[in-house]
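Here's the letter readout for the chains.
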Amino acid sequence: MHNFDYARADSTRQAVSSHGPDKQAAYLAGGTTLLDLVKIDIMRPEQVVDINRLDLKRIETLNDGRTRIGALVTNTALARDERIASDYAVLSEALLSGATTQLRNKATTAGNVMQRVRCPYFRDGVSNCNKREPGSGCAAIEGHNRSVHAVLGTSEHCIATHPSDMCVAMAAIGATITVEGPEGQREIDFLDFHLLPGDTPEREHALKPGELITHVTLDAPLDNSRSHYLKLRDRASYQFALASSAVIVTLEGDTITDARVALGGVGTRPWRAHEAEAALKGQKATEATFQKAAGIAFKSATPYAHNAFKIPLGQQAIVRNLTTLTA
Amino acid sequence: MSDSIIGAGAIGSGPKRIDGQRKVTGAAPYAADHHPDNVAYGYGVFSTIASGTVAGLDLDAARQSPGVIDIFHHEHFPELHRSPSSMAQGNKVEETRLPFEDNKVYYEGQFVALVVADTFENARAAARKVGVNYKSDQAIANLDQGVTAHGTQKGQGNHERGDAAGNFDGAAHSIDVTYTTPVETHNPMEMHASVASWEGDRLTIFESSQGVVQQQGALAKIFGIPPEHIRVESPFIGSGFGAKLWMWPHAVAASAAAREIGRPVQLVVPRQQMFTTTGHRPETCQRMRLATDENGKLVSLRHESINTTSFTDQYVETCGSVTKSLYSCPNLTVSHETTQVNRGTPTSMRAPGAAPGLFALESAIDEMALEAGVDPLEFRMNNYAERDESLDLDFSSNHIREATERAAEKFGWHDRNPDVGSMRDGHEIIGYGMAACNWEALKRECEARVSLRADGTAYVTCATQDIGTGTYTIIAQTVSDLTGLPIEKITVRLGDTSYPKGPISGGSWTTATTLPAVAAATRKAIEELKGYATSGKGDFADAASDSLTFENGQLTHDGQSVDYVDVLKGQKLASADGHAHTQGADSQYSYRSFGAHFVEVRWDPGISNLRVSRVVSAIDVGRVINSMTARNQVEGAIVMGLGMAHFEATEYDARNGRPVNNNYAEYVVPVHADQPPEVDVILLDYPDLEFNEFGARGIGEIGITGMAAAVANAVYHATGKRIRDLPIFKEKLMENIPAVQSA
Ligand SMILES: Cc1cc2nc3c(=O)[nH]c(=O)nc-3n(C[C@H](O)[C@H](O)[C@H](O)COP(=O)(O)OP(=O)(O)OC[C@H]3O[C@@H](n4cnc5c(N)ncnc54)[C@H](O)[C@@H]3O)c2cc1C
Ligand code: SF4
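Residues numbered from 1 in each chain as written. Chains lettered and ligands numbered in written order. Predicted model: local features only at pLDDT ≥ 70, side-chain atom pairs only at ≥ 80, totals over all residues. Heavy atoms only, no water.

Concerning the overall build of chain B
Reasoning step 1: Scanning chain B from N- to C-terminus turns up 14 helices and 28 strands.
Reasoning step 2: In terms of overall dimensions, chain B has C-alpha extents of about 90 × 70 × 50 Å along its principal axes.
Reasoning step 3: Within chain B, the proportion of its 743 residues that are buried is 64%.
Reasoning step 4: For chain B, the exposed area adds up to about 25,700 Å²; of that, 46% sits on carbon and sulfur atoms.
Reasoning step 5: Positive and negative charge centroids in chain B, built from 64 and 93 side chains respectively, lie 3 Å apart. (Helix = DSSP H or I, 4+ residues; strand = E, 2+ residues; numbered from the N terminus. Buried < 20%, exposed > 50% of the residue type's maximum accessible area, 1.4 Å probe, protein only. Areas by Shrake-Rupley, 256 points an atom, 1.4 Å probe, with all protein chains shown as cover. Lys, Arg positive; Asp, Glu negative; His and termini not counted. Charge placed at Lys NZ, Arg CZ, Asp CG, Glu CD.)

This is the structure in structure tokens:
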């Protein structure tokens, strides 16, 4: 571990100025990603800005029906919030399927959005990894790539999954990320926030240097919708998704009038499956419809040596989720 | 005295662990909780290649790092000696090569340097600044690569009777199948740790150890000093599962560093290196050839196993150990071979040999039964051995038929529909599977000391360990049983080489080994007490010592009773003491424990989810000393077996031999949510009095044996897929997995 300077911020302004536009600084929220990676020398900030005192711990329903979540709302608080549990069940379920109670008590909304990949070659500090050392290569592509590597959105430079469950639900719901930076405040569409690896896998998100996430605002829930998060993995708890689906549907009789599908564990970012949604809308809620949509969601998938099973598994996550929701 | 019959009182009941409160309140000190005055902290620099040499070290940055005291490596480390590594001599280690012996690298995660600094954080920060220049060779990354590159070496534990090959070809039914098991890593919660302090040429070391006496002996050989100059303490350990039976290089490194810098040194092995430098269960490949006659009686059985070992030592995983004697078969061959790979030296992991071996054997028995058209339970009943045909001895006690039948009954085996995939519940397909379990009953030499003290308490010492299994408690029960003292009045001290020599906590022999010694020492203490009572100054001055009885703390003679405390106080004596030395098992019988697991799995093909939903196990381990801790051992072993069946595998990168999932997040062990909703353990509780006066054989390991096979057999019943390669990952059961072009 490298030594770093520590500053505690009492306001967002102060946080942003303590951080500065310098890339060698990091905001400290719950610390469950940051401190782990600092301890193993994978993240080496010179300056850590503790933001835990900021007044960003509220969940508010806005006049337009949207829900604004403070960056520091913990995963536990968010999952257990009554409005979230009733209006955005998929989000509550996604949060509760992640990590453990202890971790969720520490983990924050913004920290979860910003969590880093679980790829072991990224974390070992020695293997070739374009994310850690741009241009060095990707040890995972020809290496061991079973559980935390993607089949969607991969590039020849990086195939690590974005590990979050929460973000998959948010991708399905639709959201806006509010940030505050050296140049002031701005908003970023949630679906534009996480970047595909392409040939710059070291660039993971749309934040400019020094920008602080202050809020995530969820789109208003779809009227009369039902939603569910289904997470598939080896053991029953405390494991990142091998494949997961966040599904929101509205029905009229047995016809699907609207659908949102996002996938986890299979994509290099929280994966919104727009084409699959299109294949569902206006269709009868039948197994055949679900299978077809699921197939479409994975039509551009690339299997690697150990994770090819995620292609059928991801489709099963979609089909079963829809089956449950429309039963 | 009333002959102090064991079993009259506390034995068999279930008092809670006497150390439980200290553990859950944090009052029990574990090795790394010790921070002696002036202690310094070590942190390893571990090789990042699996094969090659250290060509050079760049220490400049590390030396300038805050708090650094010294940096040890192959050019800066005291000259030490190797331990002969003999269990009989009491100095066994698994990895005989000393740390920093030379510049060779045999596995990833091997110590290549040790930084010692004033704090743990400073040591770690500096360790990361050590630059290592390697000359890397092509690593042998797995079993296949080892066999291809340089073949195999012969191992021990082989057996041959009759003519297995000659009776195979013409047999009515036969199978020839190969099973593999991956590297599994013990992963006890508490990481390995040593805290070493020297005073002159005397060493005290706190260690998380399952065998303080062996570690003392090994350190004595390595440092060339008398064992009496070394004290190893391990009163509490956060489990070991075999990983802490024998000392590993970190303890040598910590001890040497402490002597060199003249300060105590604490060294904790980081989680990542718990996968590399403290042992693991090796990878195995087991070819099984079985044949039966028309009636499904075994006529030929061959179990040929290869396991990986390190380039520095040969460790043999005796997969065929149970195969020799579980089933009756006149023509049988068991052979073990090893192949060298670039991994650390493997070691015993809960039920070594038997756990992977019974995965192969009990899966093969299932396959053989189906091939012969016989129900797997009936097949076993037809073939279970009546005596140990490998040793040509009777079993001291064997109730496997009753165990199998009782578990089958309770489980509902007879109601199953044997057709593959025929039992359904909603989305799920249900499968039933069974397997036998088996473990050798062992007993070793042991010493113990018991003092009956004038304050009304008893004090018991033995240099064995309680590794979380309940040894403290059952020893207290034993003394309570013999003296009538309540458990709360009995202090038990273990895990310290300053006590009389006790056994390693392994092989499931602690109970059978220590209780007879403790009982003998208690009886000697009672004899001494009677001697005081009948001496000139005693309460029964003229009586013959053997005319006194001792019960419930009272000495009685001719209807007159005296509390033993008064006997001691009357003569101003502190205590009456007994020291005993008991011997290991004889070879009159074949001593083994037996049982059977019945497992229900549920496979949901729509989401490719496999779960174990029900387990019924009946186990015959002789007398049960403590019903709570005994049941806990079997339940824990069942869960561990379930992990072996469908989660656990240390994965190595085939290109360079590096372990990939060397952490608690990616190395998947079962969590609470994976516990089967129903686990029913039946303990038969037949005392095996040929084995020892307690009739107890030992229970720590048998529960994991056979579990993986029972799960695999149930998976076959549910899905029609025979998984011969552990773990049973979901992709092995899935359909329509696209082919992969690259790699
Ligand atoms: C063992 C383990 C298992 C896990 N399992 C799961 C799982 O199953 N599912 C899952 O979804 N997650 C899982 N996680 C990940 C966990 O959800 C994240 O670590 C957590 O959400 C991160 O939040 P935090 O507040 O602790 O972030 P921190 O560690 O404090 O920060 C993470 C990153 O975000 C940056 N950051 C924090 N706040 C802000 C802000 N306001 N603006 C800009 N940048 C910011 C930090 O600088 C840092 O780079 C697991 C983690 C662990 C350790
Ligand atoms: S998959 Fe991405 S994170 Fe993993 S090694 Fe390749 S570049 Fe690095």
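Some points on the environment of Gly320 of chain B
Residues and elements named next belong to chain B.
Reasoning step 1: Its location among the elements puts Gly320 in the loop between strand E15 (298-309) and strand E16 (332-340).
Reasoning step 2: The sequence separation of Gly320 and Leu361 amounts to 41 residues, and the corresponding C-alpha distance is 8.3 Å.
Reasoning step 3: Filtering out sequence-adjacent residues up to four positions away, Gly320 remains in contact with His303, Val334 and His336. (Contact = heavy atoms within 4.5 Å.)

Details of the interface of chain B and chain A
Reasoning step 1: Taken together, the contact between chain B and chain A spans 37 residues of the former and 38 residues of the latter.
Reasoning step 2: Here Arg146 of chain A ties to Glu731 of chain B by a salt bridge, and the two come within 2.6 Å at their closest N and O atoms.
Reasoning step 3: Across the contact surface, chain B and chain A share twelve residue pairs in polar contact (both at pLDDT 80 or more).
Reasoning step 4: Residues that form the side of chain B that touches chain A fall into these classes: 18 nonpolar, seven polar and twelve charged. (Salt bridge = Lys/Arg side-chain N within 4 Å of Asp/Glu carboxyl O. Polar contact = N/O pair within 3.5 Å; in protein donor to acceptor, adjacent residues only side chain to side chain. Nonpolar A, V, L, I, M, F, W, Y, C, P; charged D, E, K, R; others polar.)

Section: the UniProt feature "domain: Aldehyde oxidase/xanthine dehydrogenase a/b hammerhead" (unreviewed entry) in chain B
Reasoning step 1: Taking the UniProt record as the reference, the feature "domain: Aldehyde oxidase/xanthine dehydrogenase a/b hammerhead" (unreviewed entry) is found at residues 25-138 of chain B.
Reasoning step 2: In this annotation, residues 25-138 of chain B is assigned 12% helix and 31% strand; the end-to-end C-alpha distance for the span is 50 Å. (UniProt positions renumbered as here; feature names shortened; annotations may be inferred.)

Focus: the nonpolar core
Reasoning step 1: Membership of the largest hydrophobic core comes to 126 residues, with the highest contact counts inside it found for Phe298 of chain A together with Leu326 of chain B.
Reasoning step 2: Examining the composition of this core, we find that eleven residues originate from one element, helix H7 (residues 354-372) of chain B, more than from any other.
Reasoning step 3: Those residues in contact with Leu326 of chain B, other than ones at most four positions away along the chain, are Leu358, Leu361, Glu362, Asn383, Tyr384, Ala385, Ile400, Ala436, Asn438 and Phe594 of chain B.
Reasoning step 4: By size, the runner-up hydrophobic cluster in this structure holds 48 residues, among which are Ile59, Ala71, Tyr88 and Ala110 of chain A. (Core = buried A, V, L, I, M, F, W, Y, C linked by side-chain atoms within 4.5 Å.)

Details of the pattern of salt bridges
Residues and elements named next belong to chain B.
Reasoning step 1: Tallied over the entire structure, the rule returns 56 salt bridges over all chains.
Reasoning step 2: Across the pair Arg387 and Asp392 runs a salt bridge, and its minimum N-O distance is 2.6 Å.
Reasoning step 3: Arg387 sits in the partly exposed class, given a relative accessible area of 31%.
Reasoning step 4: The class for Asp392 is exposed, based on a relative accessible area of 54%.
Reasoning step 5: The closest approach of N and O atoms between Arg602 and Glu428, which form a salt bridge, is 3.1 Å.

Topic: the UniProt feature "domain: FAD-binding PCMH-type" (unreviewed entry) in chain A
Reasoning step 1: Residues annotated in UniProt with the feature "domain: FAD-binding PCMH-type" (unreviewed entry) correspond here to residues 1-223 of chain A.
Reasoning step 2: Between the first and last C-alpha atoms of residues 1-223 of chain A the distance is 50 Å; the span itself is 27% helix and 17% strand.

Structural notes on the site of ligand 1
All names here are of chain A.
Reasoning step 1: Contacts to ligand 1 come from 35 residues, most closely from Tyr27, Gly31, Thr32, Thr33 and Thr108.
Reasoning step 2: One of the backbone nitrogen or oxygen atoms of Gly30 is found 2.8 Å away from an oxygen atom of ligand 1.
Reasoning step 3: The separation between an oxygen atom of ligand 1 and a polar side-chain atom of Thr108 is 2.7 Å.
Reasoning step 4: Compared with its free state, where it exposes 980 Å², ligand 1 has 95% of that area covered by protein.
Reasoning step 5: For the shell around ligand 1, the secondary structure elements donating two or more residues are strand E2 (25-28), helix H2 (34-39), helix H7 (109-113) and strand E8 (212-218).
Reasoning step 6: Split by residue class, the shell around ligand 1 holds 18 nonpolar, twelve polar and five charged. (Near = heavy atom within 4 Å.)

Considerations on the confidence of the model for chain B
All names here are of chain B.
Reasoning step 1: Here chain B averages 96 in pLDDT, while 98% of its residues score no lower than 70.
Reasoning step 2: A low-confidence stretch, residues 1-5 (pLDDT under 50), is modelled with 14 contacts involving residues beyond four sequence positions or located in other chains.
Reasoning step 3: Across the assembled chains, the prediction reports ipTM 0.97 with pTM 0.97. (pLDDT = per-residue confidence, 0-100.)

Looking at the sheet that holds strand E5 (residues 111-117) of chain B
Residues and elements named next belong to chain B.
Reasoning step 1: Pairing in this open sheet of seven strands is mixed, and the strands run E3-E5-E1-E13-E10-E11-E12 from one edge to the other. Strands with a single pairing partner mark the edges of an open sheet, and in this sheet they are strand E3 (68-73) and strand E12 (230-233). Each strand axis lies, on average, 20 degrees off the axis of its neighbour in the sheet, ignoring direction.
Reasoning step 2: Along the sheet, helix H3 (residues 120-127) makes contact with strand E1 (40-46), E3 and E5, crossing E1 at roughly 25 degrees. (Pairing = 2+ DSSP bridges. Axes fitted to C-alpha atoms, helices over the stretch in contact; angles between N-to-C directions.)

Comments concerning the site of ligand 2
Reasoning step 1: Residues in contact with ligand 2 amount to 14 residues; listed here are only the nearest, Cys119, Cys129, Cys138, Cys158 and Ile159 of chain A.
Reasoning step 2: Residues that form the shell around ligand 2 fall into these classes: ten nonpolar, three polar and one charged.

Let's talk about the domain arrangement of chain B
Residues and elements named next belong to chain B.
Reasoning step 1: One can read the domain layout of chain B as domain 1 (7-28 + 443-582), domain 2 (34-137 + 190-238 + 244-275) and domain 3 (284-441 + 588-741).
Reasoning step 2: Residue-level contacts link 21 residues of domain 1 with 18 residues of domain 2.
Reasoning step 3: A buried area of about 1,500 Å², summed over both sides, lies between domain 1 and domain 2, and 62% of it is on carbon and sulfur atoms.
Reasoning step 4: When the buried area of domain 1 at its contact with domain 2 is split by residue, Gln465, Thr497 and Ile504 rank highest and sum to 37% of it.
Reasoning step 5: Linking domain 1 to domain 2 there are one salt bridge.
Reasoning step 6: Asp496 serves as the salt-bridge partner of Arg231, at 2.6 Å between the closest nitrogen and oxygen.
Reasoning step 7: The class makeup of the residues in the side of domain 1 that touches domain 2 is seven nonpolar, seven polar and seven charged. (Domains from an automatic or database assignment. Buried area = accessible area lost by both parts, 1.4 Å probe.)

Considerations on the sheet that holds strand E7 (residues 184-189) of chain A
All names here are of chain A.
Reasoning step 1: Read from one edge of the open sheet, five strands run E4-E5-E8-E6-E7, paired in antiparallel fashion. Looking at which strands have only one partner, the edges of the open sheet turn out to be strand E4 (59-61) and E7. Mean inter-strand twist for the sheet, computed between neighbouring axes without regard to direction, equals 20 degrees.
Reasoning step 2: Pairing of E4 with strand E5 (residues 67-70) involves three bridges; the strand directions are antiparallel.

A look at the packing of aromatic side chains
Aromatic ring pairs are defined here through the distance separating the ring centres and the angle between the ring planes.
Residues and elements named next belong to chain B.
Reasoning step 1: Scanning the model with the defined rule gives 18 aromatic pairs over all chains in all.
Reasoning step 2: Note on Phe72 and Phe77: the rings are 6.3 Å apart at their centroids and 85 degrees apart in plane angle, and the pair reads as edge-to-face.
Reasoning step 3: When the centroid spacing of 5.6 Å and the interplanar angle of 85 degrees are considered together, the rings of Tyr179 and Phe359 count as edge-to-face. Separated by 180 residues along the polypeptide, Tyr179 in strand E9 (residues 173-181) and Phe359 in helix H7 bring together distant segments of the chain.
Reasoning step 4: One aromatic cluster is present, built from ring pairs that chain together Phe46, Phe72, Phe77, Phe100 and Phe111. (Phe/Tyr/Trp six-rings, centres within 6.5 Å; stacked < 30°, edge-to-face > 60°.)

Things to note about helix H9 (residues 166-173) of chain A
All names here are of chain A.
Reasoning step 1: Among the eight residues in H9, eight count as buried, and that is most of the element.
Reasoning step 2: Considered for burial, the residues of H9 that qualify are Met166, Cys167, Val168, Ala169, Met170, Ala171, Ala172 and Ile173.
Reasoning step 3: Just past H9, the residue Gly174 takes up positive phi, approximately 95 degrees.

Some remarks on the pairing of strand E18 (residues 428-440) of chain B
Residue and element names in this part refer to chain B.
Reasoning step 1: Counting buried residues in E18 gives twelve out of 13 residues, a clear majority hidden from the surface.
Reasoning step 2: Note that strand E17 (residues 423-425) and E18 share three bridges and pair antiparallel. By the bridge assignment for E18, Met423 is matched with Ile430.
Reasoning step 3: Hairpin remark: E17 followed by E18, antiparallel, with two residues in the connecting loop; positive phi at Gly426, about 60 degrees.
Reasoning step 4: Relative to strand E26 (residues 592-604), E18 is paired through twelve bridges, and the arrangement is antiparallel. Along E26, the bridge assignment pairs Asn438 with Phe594.

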